[in-house]
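# Commentary on secondary and tertiary structure
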Amino acid sequence: ASGEIEIGVVQIVQHGSLDEANRGFVDALKERGYGPDKVEIEQENAQGDQSNLKTIVSRFKAEKPKLICAIATPAAQAAANEITDYTSAKLVQNDERPGGNVTGVSDFAAMDAQMELAGKLIPQAKHVGLIYCSSEVNSEVQANQMKDYCKKHGLAVEERTVNNVNDIQQVAESLIGKVDYIYVPTDNTLASSIPTLMKITDANKIPVIVGADIMAKDGALAALSVDYYRLGKQTGELAADILDGKVKPETSPIQHQKDYTIVINKQDAEILGLTIPEEIAKKANMV
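How each quantity is defined
- Residues numbered from 1 in each chain as written.
- Predicted model: local features only at pLDDT ≥ 70, side-chain atom pairs only at ≥ 80, totals over all residues.
- Heavy atoms only, no water.
- Axes fitted to C-alpha atoms, helices over the stretch in contact; angles between N-to-C directions.
- Helix = DSSP H or I, 4+ residues; strand = E, 2+ residues; numbered from the N terminus.
- Parallel < 35°, antiparallel > 145°, perpendicular 65-115°, else oblique.
- Left-handed = near helix turned anticlockwise from the far one by under 90°.
- Contact = heavy atoms within 4.5 Å.
- Nonpolar A, V, L, I, M, F, W, Y, C, P; charged D, E, K, R; others polar.
- Salt bridge = Lys/Arg side-chain N within 4 Å of Asp/Glu carboxyl O.
- Buried < 20%, exposed > 50% of the residue type's maximum accessible area, 1.4 Å probe, protein only.
- Core = buried A, V, L, I, M, F, W, Y, C linked by side-chain atoms within 4.5 Å.
- Expected span 1.5 Å × (residues − 1).
- Arc of directions from axis to C-beta.

Right, let's get into the packing of helix H1 (residues 16–31) against helix H10 (residues 228–243). Remark: H1 packs on H10, axes separated minimally by 6 Å, with the N-to-C direction vectors making an angle of 40°. Classified by the angle their axes make, H1 and H10 are oblique. For the crossing formed where H1 meets H10, the hand is right-handed. Contact residues: Ser17, Glu20, Ala21, Arg23, Gly24, Phe25, Asp27, Ala28, Leu29 and Glu31 in H1; Tyr228, Tyr229, Gly232, Lys233, Thr235, Gly236, Glu237, Ala239, Ala240 and Leu243 in H10. Of the residues that constitute the contact of H1 with H10, the class distribution is nine nonpolar, five polar and six charged.

What follows is about the pattern of salt bridges. Here the structure, examined in full by the defined rule, presents 12 salt bridges. The salt bridge involving Asp244 is made with Lys246; its shortest N-O contact spans 3.8 Å. Its relative accessible area of 38% is what places Asp244 among the partly exposed residues. Judged by its relative accessible area of 59%, Lys246 is exposed. What you see here is one network of salt bridges that share partners, running through Arg32, Glu237, Asp241, Asp244 and Lys246.

A separate point is the nonpolar core. With 30 residues, the main nonpolar core has Ile131, Ile182, Val184, Leu197, Val208 and Val210 as its most contacted residues. For this core, the secondary structure elements donating two or more residues are strand E5 (127–133), helix H6 (168–173), strand E7 (181–184), helix H7 (188–191), helix H8 (194–203), strand E8 (208–210), helix H9 (213–217) and H10. Looking at which element gives the most residues to this core, the answer is H8, with four residues. Grouped together as the second largest cluster of nonpolar side chains are 29 residues, Met111, Met115, Ile264 and Ile276 included.

What follows concerns helix H2 (residues 50–63). The terminal C-alpha atoms of H2, which comprises 14 residues, lie 20 Å apart, in line with the 20 Å expected from a rise of 1.5 Å per residue. Taken together, the buried positions of H2 are occupied by Leu53, Ile56, Val57 and Phe60. For H2, the buried positions fall inside an angular range of 95° around the axis, keeping them on one side. In this structure, H2 carries Lys54, Thr55 and Ala62 as exposed residues pointing more than 90 degrees from its buried face. Where H2 ends, the next residue or the one after it, Lys64, has phi of about 50°, a positive value.

Within the chain, Lys64 stands out as a residue other than glycine whose phi angle is a positive 50°. Relative to the helices and strands, Lys64 resides in the loop between H2 and strand E3 (67–71). One non-glycine residue, Lys205, lies in positive phi territory at about 55°. Along the chain, Lys205 turns up in the loop between H8 and E8.

Any functional reading would require information that these geometric values do not contain.
Below is the structure:
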């Protein structure tokens, strides 16, 4: 397409949640009249590599697009543009009035609700494993909230961090026999390799509770999650408002989704020999 307005989209890594957000973003722009006939949208994926990310972002900058959509916190930090907790990652002054040229939509789901779901599915749990990538600030924020919840509710936490996907197997093995279930936040490194984690946990009958719907579809037991396609559409609507000149990034509050979906992986429940309580089963999306 030979469009008039250029939009750069940079995604940190390939995994279902981010792909869905990306699809929603492009669809919303199309609906608002910024389709391929009008706009040149350039898509780039850093494949989880920080130096790739820097290269993509600096090339985008040189091309001076009207707007950059950065999908996931590490991409947002590099481009300064779409994030879980915008203030912790030092992208905005505060969520209500960002200041500067960054705004966006957050995928943050209430931690208490996620942990309560885990408690209903595995009521006898006393020890909880926590796995996330040490270099993702989005995961660190969630990990701290999860640890606060556990402290308040008398649950012991076994915390493990990975540097990249190659550490997942070893870290999962180190939790065998120590935990009643494992919690994984919306971490991009883990999300891109859920089957690797599940090989170890399923073989040892350890349930895995995750922060994103697609991670449950990829094999984890359960998630309480935002809808990532809708999240992308919300972001696309915001982008179109900016391109239309209706709003300015510096005065557009960071948006959040208000309703969450419970996703339960039926096959994994069978592997674990877990019965899903009726009250959860009837409102959950069973995959």
